[in-house]
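So the chains spell out like this:
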Amino acid sequence: MNIYKRIEMNILRISTAGSVDDGKSTLIGRLLYDTQSLSKDKVENIKAISAQRGLEEMDLSLITDGLTAEREQGITIDVAHIYFNTPKRKYIVADTPGHVEYTRNMITGASNAEVFMILIDARNGIIEQTKRHLYIASLMGIQNIVFVINKMDLVGYEEGVYLKIRSAIAELEQKFNLSSRNLTFIPVSAKVGDNVAVPSREMDWYKGITLLDYLESVESTSDTNDFRFNVQYVIRPQSDEYHDYRGYGGKVNSGTVKVGDLLKVAHSNQTSKVKAIHKFKDQLIEANKGDSVAIELEDDIDISRGDTLILNQDELIAERQINSKVCWLDKSPLVQQKRYLLQHGSHITPVKIGAVNAQLNFESLDFEKEVADVAVNSINDMTIKSASPLFIDAYEANKSNGYFILIDEQTNATVGAGFKY
């Protein structure tokens, strides 16, 4: 059996946002095309479809708009995850829809992002939908926000247009609490390729880097959070080779665990040292965030599916009532008297909505206390009461252990996604 220390892969997670026709799909298509991340067959297919539509140039938006309905309408209606890489790193891009009625999809795309890429049509400047996307970036605590001012070719590559948009964004920084965020502004033409992967010859007034240079240089968010491990499965082979083996399978939500660490079961405070960390046929010296492993302990203590393991010196307070922000995902509105299931990791427990304290007004971008109903795509401030203790971190303190989903126990449909604050 091999014993080794896992080496973290350099992966950057990006979420896109923008209003309808701001050019998100074209921009991502341009990145894929210019980084030679497409197969020859894919390129030929897109060229053929573009020609059928009477276009002289290749329609790069077709590269990511893979659904037939999207291609027919020329819009993005679902979240698509696109993977590509350069010699410096790998990328996962969530191409999200721009319509306000798909707010739930935008929340999904932004949930794991390290970079939030907001597209702005240079002709239109800052619009209401831009403000909504900026609010979502603020709400989700994303540190790196890049404003891509697109379609500069349609405004004559004028510096004044770019500076006017920058000035408008500066006025929003205080409203959206962006003083601590890393903000970057890049003028581009995704259709032509200016400042996407290659510097623009038309915008010599712009002295900054290209979008690809930015993505290659931006630092991934380092995981400095406490160790959290949600047990998904208790492994008991009961074979001759592993007669007494007991392992706890799951994924490291955050932090790092090493062989010899003293762990504690959050709900019972029982402790034991890590005897071994298994990953397939290998053993790790340590496991980091994102690793799916089986942890073997020195002592036989009571641990079940849904339990959370933490380092002995850490604290994770049990709560039966939490305050949360919840995006309602279901087309059927919330029934406050109804019992739902809350799933946090693999822990599932019955809950009731104690109160809907406020709801986000997408026009004013303020939470209002008068709530008519909790409908699809609404974002709500809720008090949730649980039948069993919840071991959830505040989302701002630890994103990876701060979120949950709500399930309709009759239909098994996921009806809400939320985080504790």
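Everything discussed here concerns the structure shown above.
Because the structure is a prediction, the values reported are computed rather than measured.

Describe the sheet that holds strand E4 (residues 90-95), with residues and values.
The strand order E3-E4-E2-E5-E6-E7 describes an open sheet built from six strands, whose pairing is mixed. Each of the sheet's edge strands pairs with one partner strand only, and the pair in question is strand E3 (80-85) and strand E7 (182-187). On average, adjacent strands in this sheet sit at an angle of 25° to one another, irrespective of strand direction. Two elements, E3 and E4, share six bridges in a ladder whose sense is antiparallel. Bridging across to E4, His-81 finds its partner in Ala-94. Its contacts with the sheet put helix H5 (residues 128-139) on strand E2 (11-17), strand E5 (115-121) and strand E6 (144-150), and the angle it makes with E5 is roughly 170°. Along the sheet, helix H6 (residues 159-172) makes contact with E5, E6 and E7, crossing E7 at roughly 160°.

Give a detailed account of the side chain of His-278, specifying residues and quantitative values.
Among the secondary structure elements, His-278 is positioned in strand E12 (residues 271-279). A polar atom in the side chain of His-278 sits 3.0 Å from the side chain of Glu-296.

Break down the packing of aromatic side chains for me, with residues and values.
Inspection of the entire model under this criterion finds eight aromatic pairs. Consider the rings of Tyr-162 and Trp-205, whose centres lie 5.4 Å apart with planes at 40°: the pair is tilted. A residue pair is termed long-range when its members are at least 10 positions apart, and Tyr-162 in helix H6 and Trp-205 in the loop between E7 and helix H7 (211-217) qualify at 43 residues. Take Trp-205: its relative accessible area is 18%, and that puts it in the buried class. Arranged with centres 5.8 Å apart and planes meeting at 85°, the rings of Trp-328 and Tyr-340 form a pair that is edge-to-face.

Quick one: what's the story with the pattern of salt bridges, residue by residue and with numbers?
What the rule picks out here adds up to 16 salt bridges. For the salt bridge of Asp-59 with Arg-53, the shortest nitrogen-to-oxygen distance reads 3.9 Å. Residue classification places Asp-59 among the buried residues on the basis of a relative accessible area of 17%. Where Asp-408 meets Lys-338, a salt bridge forms, and the shortest distance between an N and an O atom there is 2.6 Å. Here Lys-338 lies in the loop between strand E17 (319-328) and strand E18 (340-344) and Asp-408 lies in the loop between strand E22 (403-407) and strand E23 (414-420), a separation of 70 residues in the sequence. Several salt bridges converge on common partners, so that one network encompasses Asp-121, Arg-123 and Lys-151.

Let's hear about the pairing of E7: which residues, and what values?
One ladder, built from six bridges, connects E6 with E7; its direction is parallel. From the neighbouring strand, Ile-149 faces E7, where its bridge partner is Pro-187. In this fold, the crossover linking E6 to E7 by way of H6 has right-handed handedness.

A description of H6 should follow, citing residues and the corresponding values.
For H6, spanning 14 residues, the distance from its first C-alpha to its last is 21 Å, which sits close to the expected 20 Å at 1.5 Å a residue. Regarding H6, the residues found buried are Val-161, Tyr-162, Ile-165, Ile-169 and Leu-172. Within H6, the buried residues cover an arc of 100° as seen down the axis, which keeps them to one side. The exposed set on the far side of H6, more than 90 degrees from its buried face, consists of Lys-164 and Glu-171. Looking at the buried positions of H6, the neighbouring elements they touch are E5, H5, E6 and E7.

Explain helix H4 (residues 103-110) to me, using residue names and the numbers behind them.
In terms of burial, H4 is largely enclosed, as six of its eight residues are buried. The inward-facing, buried residues of H4 contact E2, E4, E5, H5, E17 and strand E21 (379-390).

Mind laying out the pairing of E18, listing which residues take part and the relevant values?
Here E18 lies mainly inside the structure; four of its five residues are buried. One ladder, built from five bridges, connects E18 with strand E19 (residues 347-361); its direction is antiparallel. Across the sheet, residue Leu-341 finds its bridge partner in E19, namely Pro-350. From the end of E18 to the start of E19, which pair antiparallel, there are two residues, and Gly-345 there has a positive phi angle of about 65°. When E18 meets E22, the two strands line up antiparallel, connected through three bridges. Following the sheet pairing, Leu-341 is matched in E22 by Ile-407.

So, how was this worked out
Residues numbered from 1 in each chain as written. Predicted model: local features only at pLDDT ≥ 70, side-chain atom pairs only at ≥ 80, totals over all residues. Heavy atoms only, no water. Pairing = 2+ DSSP bridges. Helix = DSSP H or I, 4+ residues; strand = E, 2+ residues; numbered from the N terminus. Axes fitted to C-alpha atoms, helices over the stretch in contact; angles between N-to-C directions. Contact = heavy atoms within 4.5 Å. Polar contact = N/O pair within 3.5 Å; in protein donor to acceptor, adjacent residues only side chain to side chain. Phe/Tyr/Trp six-rings, centres within 6.5 Å; stacked < 30°, edge-to-face > 60°. Buried < 20%, exposed > 50% of the residue type's maximum accessible area, 1.4 Å probe, protein only. Salt bridge = Lys/Arg side-chain N within 4 Å of Asp/Glu carboxyl O. Right-handed = clockwise from strand over helix to strand, strands pointing away. Expected span 1.5 Å × (residues − 1). Arc of directions from axis to C-beta.

Spatial relationships are all this shows, so hold off on functional conclusions.
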